[in-house]
Amino acid sequence: MVGSALLCSVPSLSFAQSAFDEQFVAYPSYNGNDLELLLSENSTTFKLWSPKAEGARLNLYDSGHNGAPYSVVEMTPIPSEGTWTATIPQNLTGKFYTFRILKDGKWLDETPGVWAKAVGLNGKRAAVIDFDTTNPEGWADDKGPEVKNFSDVILYEMHHRDFSQHPSSGIANKGKFLALTETGSLSPNGDATGIDHLKELGITHVHILPSYDYNSVDEGNLQLNQYNWGYDPLNYNAPEGSYSTNPSDPATRVREMKQMIKALHDAGIGVVMDVVYNHTADNDGSNFELTAPGYYHRHWDSGNYSDASGCGNETASERQQMRDFIINSVKYWADEYHIDGFRFDLMAIHDIETMNEVAAELKKINPSIFVYGEGWTAGDSPLAPERRALKENVAKMENIAVFSDDLRDAVKGHYTDVADRGFATGKPGLEETVKIGIVAATPHPQVDYSKGNNSKFPYASSPEMIVNYVSCHDDLCLTDKLRKSMAGEPEENMLAAAKLAQTIVFTSQGTPFMFAGEEIFRDKQGVHNSYKSPDSINAIDWNNKSNYRDLFNYYQGLIALRKAHPAFRMTSAEDIARHLKFDKIDSAKTPNLISYSLKDHANGDDWNEIKVILNGNAGKAEVKVPKGEWKIVAEDGKINPQGLGTSKGGKLSIAPYSALILAR
Ligand code: CA
């Protein structure tokens, strides 16, 4: 979300919460799997957690968005659990419901609760559906790809509309979950698009921008072609309606999301969900606030909402009921939808303990599930910095990775200054920060962390804690960043720099991550915060695939190289320190040049030695490579893991903005 890499300066707060928030510690919590709705053959039981409510009512409806309730039922308190309950002696499948609570003598607005697993139009009312009817054929045997090590994962971040909305996608269900179920779709020039494109490219996992039910798009007016990234959560446990073919039918969105997941799994591709438990779209009007006022959000001593999300509020993961909510929610997505990974938005708003429980619980369900997130906040928080799931605290988190803003900002230039260049576009002085990315922020005898731009110490104790990238949905995408920062240079230089930048990402230790469409030089017309920009800005033009075929081929080759060679995917800091050796280059005399070897069959690689030489200069560079018989794997914007030819080593020249990769 907006505000990436805001490593806020934080006052040293020794307490975990504000004085205002202390009142919530005494609340009883309730963690049963019957929260809000439990359906049986002859009865339907509702149970709402709301410890301080003075009364609670259940409204039953025939429709998801029209008409008055056909029944209003007073709920009965169970004070030891902090819940309110009502049982209707009939199976209510097909009906809708909301809750209302009495606070300070006033009935608050209706809410579908916080555990609605199916919802009607715009998520206003929860729905009772039979989940068995939502499973596509073969669902019982559906499984995502097995992941041995997280460094084997290759992430591709996409948004439903970006990926399929453009007329050139050739996809029928544009902007929908079903877009990713369509095979055989072609661009006007006959290039594969959609799921076939993903297979051709070779990525292992798609990371899809928020797909839970969010607030901003009016599901009743889809003809308006509204666009939003979806970082405005409404119902955390139900899919977004605008991505379904019928948002009024609660089962359709569930079924179609599962069909998408099944199709991706059948193609061997895992599905990562972008989850935003850190804040709610609305403050007082959020489902959290309407069920248990005050409890789920953090506040300052004044009682005002604190706002580490930059979106008006932040949630309180350190409180038991909120912690359980997050854990049970991801477990639910993993169980019911077979989700293969979770990307936590502004993860540092959550506390370390919660994140560790998240990862541990998910591991029990499926050890292949990958958990990673943004190790920063977008504002100050009452949660003490040492408790935050910050990038700098990642070593305290087991089986969780964080994005490396080190590599990102050093390779392409800082995100806050569009004209700023980086290592790959000729700016000197960033070599050491790039090296921090190459070794995945692990301790390395040849990396001087004191020269790091973003981080000053090796914060990762394993490469599996790091996700490397140069761009994502936030800020200028790579193409736009190159166009702004390299203005005046020919496009061929920008394409060369794009290849070099991604070569650094894909050959570095850690897990590589790329933004959808950059493999065909997609741009967003210079819009850096396109969260609600129209399709004309956000949609990927698939004509680019033939226009930039050479770039696509290069990405394909990079991915194939990484997949074929475990040396790029080491799994321990010790292995990296032992096998990854930087060549001595005086960056004061020869800036923007990095050369290193992956030695001695690193991580069981076939190749004894792989040499990676990165030239970020606008001109040619020269390096000395030990004499011998080398296979040329990448040179001057071309790449082929099988080899492009051979070299005898010695004094070699490297083209401007390019990588030379040799192997023997
Ligand atoms: Ca919605």
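The residue numbers shown here count from 1 along each chain, following its written sequence. Only residues with pLDDT of at least 70 are given local features in this predicted model, and only at 80 or more are side-chain atom pairs given and counted; all residues enter the totals for whole chains, interfaces and linings. Note that the side-chain values use all heavy atoms of the structure and ignore hydrogens as well as water.

Student: Would you mind going over the overall build of the chain with me for this structure?
Tutor: In DSSP terms, a helix is any run of H or I states spanning at least four residues, a strand is any run of E spanning at least two, and both are numbered starting from the N terminus. Looking only at helices and strands, the chain has 14 helices and 28 strands in total. The globule rule used here is 2.2 Å times the number of residues to the 0.38 power, and the radius of gyration it is set against is calculated over C-alpha atoms. Since a compact globule built from 664 residues should have a radius of gyration of about 26 Å, the 26 Å found for the chain is in line with a globular shape. Counting only C-alpha atoms and orienting by the principal axes, one finds that the chain spans roughly 85 × 60 × 45 Å. Per-residue burial for the chain yields a buried fraction of 63% across its 664 residues. Here, residues are in contact when the closest pair of their heavy atoms is within 4.5 Å. Considering only contacts within the chain whose residues lie at least 6 apart along the sequence, 72% involve residues at least 24 apart. Remark: exposure states derive from per-residue accessible area (1.4 Å probe, protein chains only) relative to the maximum for the residue type, with buried under 20%, exposed over 50%, and partly exposed in between.

Student: Help me out: how do you make sense of the pairing of strand β14 (residues 270–275) in this one?
Tutor: The side chains of a regular strand alternate, residue by residue, between the two faces of the sheet. Among the 6 residues that make up β14, 6 are buried, leaving the element largely enclosed by the rest of the structure. What you see with β14 is no split at all: G270, V272 and D274 on one side and V271, M273 and V275 on the other are buried throughout. Pairing between strands is defined by DSSP: at least two bridges between the two strands are required. Bridge count for strand β11 (residues 205–208) against β14 is 4 bridges, and the pairing is parallel. Looking across to β14, one finds that H207 is bridged to V272. Pairing analysis gives 4 bridges linking β14 to strand β15 (residues 341–344), with the strands arranged parallel. Directly across from D274, in β15, lies its bridge partner R343.

Student: Mind showing me how you'd approach the packing of helix α10 (residues 491–507) against helix α13 (residues 549–564) here?
Tutor: Each packed pair of helices is defined by two parameters, the angle between the axes and the distance between the axes. It is the contact of α10 with α13, at a shortest axis distance of 10 Å, that shows an interaxial angle of 15°. Judged by the inter-axis angle, α10 sits roughly parallel to α13. The chirality of how α10 crosses α13 is right-handed. Contact with α10, carried on its side by L495, A498, K499, Q502, T503, V505, F506 and T507, involves D550, L551, Y554, Y555, L558, I559 and R562 of α13 and no other residues of that element. Any residue outside Ala, Val, Leu, Ile, Met, Phe, Trp, Tyr, Cys, Pro, Asp, Glu, Lys and Arg is labelled polar, Gly included; the first ten of those are nonpolar and the last four are charged. When its residues are assigned to classes, the contact of α10 with α13 shows 9 nonpolar, 3 polar and 3 charged. Axis definition: a line fitted to C-alpha atoms, limited for helices to the stretch in contact. Angles are taken between N-to-C directions and run from 0 to 180 degrees. Should an angle fall under 35 degrees it is taken as roughly parallel, and over 145 as roughly antiparallel, whereas 65 to 115 is taken as roughly perpendicular and any remaining angle as oblique. Definitions for this section: a left-handed crossing has its near helix turned counterclockwise from the far helix by less than a right angle. A right-handed crossing has that turn clockwise.

Student: What is the right way to look at the coordination of the calcium ion in this model?
Tutor: Reference geometry at the metal: tetrahedral coordination by four donors gives ideal angles of 109.5 degrees; octahedral coordination by six donors gives 90 or 180 degrees. A 2.8 Å cut-off from the metal defines N, O and S donors, relaxed to 3.2 Å for Na, K and Ca; water is not in the atom list, so some sites may appear incomplete. Around the calcium ion, the protein contributes the donor atoms D213 (OD), Y214 (O), E219 (OE) and E240 (OE), which lie 2.2 to 2.4 Å from the metal centre. Donor residues for the calcium ion sit on one chain with the sequence pattern D-Y-x4-E-x20-E. Highlighted residues: E219 in the loop between β12 (212–214) and β13 (233–239) and E240 in the loop between β13 and α3 (250–266), separated in sequence by 21 residues. The class for E219 is buried, based on a relative accessible area of 3%.

Student: Explain the sheet that holds strand β6 (residues 83–88) to me, please; I cannot follow it from the model alone.
Tutor: Strand pairing in a sheet relies on backbone hydrogen bonds. The paired strands run either parallel or antiparallel. In spatial order, the strands read β1-β2-β6-β5; together these 4 strands make up an open sheet with antiparallel pairing. Two strands bound the open sheet, and with one partner strand each, they are β1 (38–39) and β5 (76–78). Sheet topology places β5 next to β6; 3 bridges connect them, and they run antiparallel. Paired with P77 across the two strands is W84, which belongs to β6.

Worth remembering: the numbers are spatial, not functional.
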